[in-house]
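Survey of secondary and tertiary structure
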Amino acid sequence: MKHLVHQFHFKDKYLAFDVVSNTLLELDVMSYRVLELYSEDIAIDEIIRIIKSEGFEESSEEVRETILDIIKMKEERSLFNEEIIPNGSLFGDDAIIKAMCLHIAHDCNLRCKYCFASSGHFGGKRRMLDIETGKAAVDFLILQSKNRKHLEIDFFGGEPLMNFEVIKVLVEYVKEQAKLHDKIIKLTLTTNGVLLADDIRDYLNKENISLVLSLDGRKEINDNMRYTLDGSSSYDVIVPNLQATVASRDNENYYVRGTYTSKNIDFAADVKHMSDLGFRYISVEPVVAPEDMQYALTNKHLQQIQQEYEKLVEVYIQSLGTEQEFYFFHFNVDLENGPCVAKRLSGCGAGHHYVAVTPEGDIYPCHQFVGKEDFLLGNVKGGINRLEIINQFKETNIYTKPLCRECWARFMCAGGCHANAYGFNQDINQPYQIACEITKKRLEAALYIKAHQS
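What you see is a predicted model; the values in this text were computed from it and never measured.

1. Quick notes on the pairing of strand β13 (residues 354-357)
With burial as the criterion, each face of β13 is covered, one bearing Y354 and A356 and the other bearing V355 and V357. Summarising the sheet, strand β4 (residues 99-103) and β13 pair through four bridges and their orientation is parallel. Bridge pairing links A99 to Y354 in β13. Summarising the sheet, β13 and strand β14 (residues 362-364) pair through two bridges and their orientation is antiparallel. What sits directly across from A356, in β14, is Y364. A loop of four residues connects β13 with β14, the two strands running antiparallel in sequence, and G361 in this loop sits at a positive phi of about 90 degrees.

Here is the structure:
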């Protein structure tokens, strides 16, 4: 039963989280220990005996009442809730694609050391998406979405603003086609911010395009990894552009996203710096890189990373209710109205709900698979011709991943990133374990914050 309830001590709190029901309990030390001991195979009197032998001051009757409370919560299905494993496919026979990462540019005006896209070209030629292929990609998404009304397109790169004129044409086309086919299509653009001049900023605001803005934090940290073509600082160019952009949209409808590496394990300071710059919505992610890279994260860094999330919790809590209150992406968990069952079991939907399209119109399961020819699904002008890959991703979920089946975080992370699993283990069913450990610590931090706010 223990894989159904996760108990952990975080800072000043003793917490228990029911994996299936999302029940979160804050316990005193005695109740925490009783819950550790609780099992249908251990008699109540035996648990009381153990508790008393360990020196707890509570009376036998108080311990008994705690055990009876646990039994009642089990009967009410808020603790040790039974896990129902679904039979068959979670998604039926059809692949309904509802989101697309549309690569506007396979080129970039920065040269970031850790870039998984090889400075924008994804291992191929540097090129831009043309209007014809872009429109074909929009048509493909609408066709493959079938009866799905709400769709998403992320304008991606490289640096998509290097191809801004094509973006403007495609935005108009998206609006026309959405109206024609009775769709609602949300648009997002991911940018490094170098080209966010006034006219571009005004256009993105007018069209209500959500933004993902790249910045790694403190100047010396950012510029160590993210620099311009001539090797000069990107921070000095980017930060004023990002600040003006965020201010122009009333500090809403964006995320500032950073990456931390072995060079800035103290990333809580980078989050604090981004908050001090006036950014309200912040995310920082661990770099994913082979262990032989100098900036890679390895097992030897895990303890420091876990401690840093505890520091970040303090930074986050101290901001609450102040003018510098910010939202950290990975600390926002919804225990009452979270994702649907299918999403809890299979994650992002890469390869069957979500695809990436290159400037050539080639279709891949997601942006991180682009350039890996074994995962080429087809082309927007000819359609998908490798359904076996679609089915492989559809059938992948926490129950096809042995490491996930009894992990307490399985419904919160949904098995992790397929691309990272493949990149490190050549198998989308074998998760990247460093990411697993980081994710679990982040989730404990998020649950601690929930308990603190309650």
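2. A look at the environment of C413
Here C413 shows up in helix α13 (residues 410-413). The partly exposed category is assigned to C413, whose relative accessible area is 27%. Between the C-alpha atoms of C413 and G347, which are 66 residues apart in sequence, the distance is 7.0 Å.

3. Quick word on the sheet that holds strand β8 (residues 184-191)
Taking strand neighbours across the sheet as the criterion, the 11 strands line up as β12-β11-β10-β9-β8-β7-β4-β13-β14-β15-β16 in an open arrangement whose pairing is mixed. Both edges of this open sheet fall to β12 (327-328) and β16 (383-384), since each of them pairs with a single strand only. Bridge count between strand β7 (residues 150-156) and β8: six bridges; the pairing is parallel. Bridged to D154 within β8 is T188.

4. Structural notes on the pairing of strand β2 (residues 13-18)
Of all six residues that make up β2, five are buried, and the element is covered over most of its length. Alignment of strand β1 (residues 5-10) against β2, held across six bridges, turns out to be antiparallel. Among the inter-strand pairings, H6 is bridged to a residue of β2, identified as F17. If you look at the hairpin formed by β1 and β2, you'll find two residues sitting between the two strands, and K11 has a positive phi there, around 55 degrees. Two elements, β2 and strand β3 (residues 24-27), share four bridges in a ladder whose sense is antiparallel. Looking at β3, one finds that Y14 is bridged to L27. Where β2 folds back on β3, the antiparallel hairpin that results is connected by five residues, among which N22 adopts a positive phi of roughly 65 degrees.

5. Some remarks on the sheet that holds β1
Read from one edge to the other, the open sheet built from three strands follows the order β1-β2-β3, with strand pairing classed as antiparallel. Single-partner strands in this sheet number two, and they are β1 and β3. For this sheet, the mean angle separating the axes of adjacent strands, direction not counted, is 25 degrees. Where helix α1 (residues 29-37) meets the sheet, its contacts fall on β1, β2 and β3, and the angle it forms with β1 comes to roughly 145 degrees.

6. Quick look at a negative patch on the surface
A cluster of like negative charges, contributed by E61, E62, E65 and D69, occupies part of the molecular surface. With relative accessibility at 45%, the residue E61 sits in the partly exposed group.

7. Quick word on empty space enclosed by the protein
A full pass over the atoms with the stated rule returns one cavity of 30 Å³ or more. Each pocket or cavity is described by its volume, and for the largest cavity that value is around 30 Å³. In this structure, the largest cavity is lined by P286, V287, V288, Y432, I434, A435 and I438. With three residues, helix α15 (residues 433-453) is the largest single contributor of residues to the lining of the largest cavity.

Analysis parameters
- For every chain, the first residue of the written sequence is number 1, and numbering continues from 1 onward in sequence order.
- At least 70 in pLDDT is required for a residue's local features to be given in this predicted model, at least 80 for side-chain atom pairs to be given and counted, and no such filter applies to totals for whole chains, interfaces and linings, which use all residues.
- Water and hydrogen atoms play no part in the side-chain values, which are based on all heavy atoms of the structure.
- Type-normalised accessible area, obtained with a 1.4 Å probe on protein chains alone, sets the label of each residue: buried when under 20%, exposed when over 50%, and partly exposed for intermediate values.
- We count a stretch as a helix when DSSP gives it H or I for four or more residues in a row; a strand needs E for two or more, and each element gets its number in order from the N terminus.
- When DSSP finds at least two bridges between two strands, those strands are taken to pair.
- Axis lines are fitted through C-alpha atoms, for helices just across the contact stretch, and the angle between N-to-C directions can take any value from 0 to 180 degrees.
- Here, residues are in contact when the closest pair of their heavy atoms is within 4.5 Å.
- Patch membership is restricted to residues that have no salt bridge and whose relative accessible area is over 30%. Joining uses 9 Å for like charges and 5 Å for the nonpolar side chains Val, Leu, Ile, Met, Phe, Trp and Tyr.
- Every accessible area reported is derived by Shrake-Rupley at a probe size of 1.4 Å, with residue values counting cover from the shown protein chains alone.
- Each salt bridge in this description consists of a side-chain nitrogen of Lys or Arg and a carboxyl oxygen of Asp or Glu lying within 4 Å of one another.
- His is not counted here, nor are the chain ends, while Lys and Arg score as positive and Asp and Glu score as negative.
- Every charge is mapped onto a representative atom, which is NZ of Lys, CZ of Arg, CG of Asp or CD of Glu.
- In this analysis, the protein atoms alone were mapped onto a 1 Å grid. Cavities are point sets where a 1.4 Å probe fits without being able to get out; pockets are open sets with protein on both sides within 12 Å along at least five of seven lines; lining residues have an atom within 4 Å of a point.
- Grid points are joined across faces, edges and corners, and a volume is the space filled by probe spheres set on the points.

That's the geometry; what it means functionally is another story.
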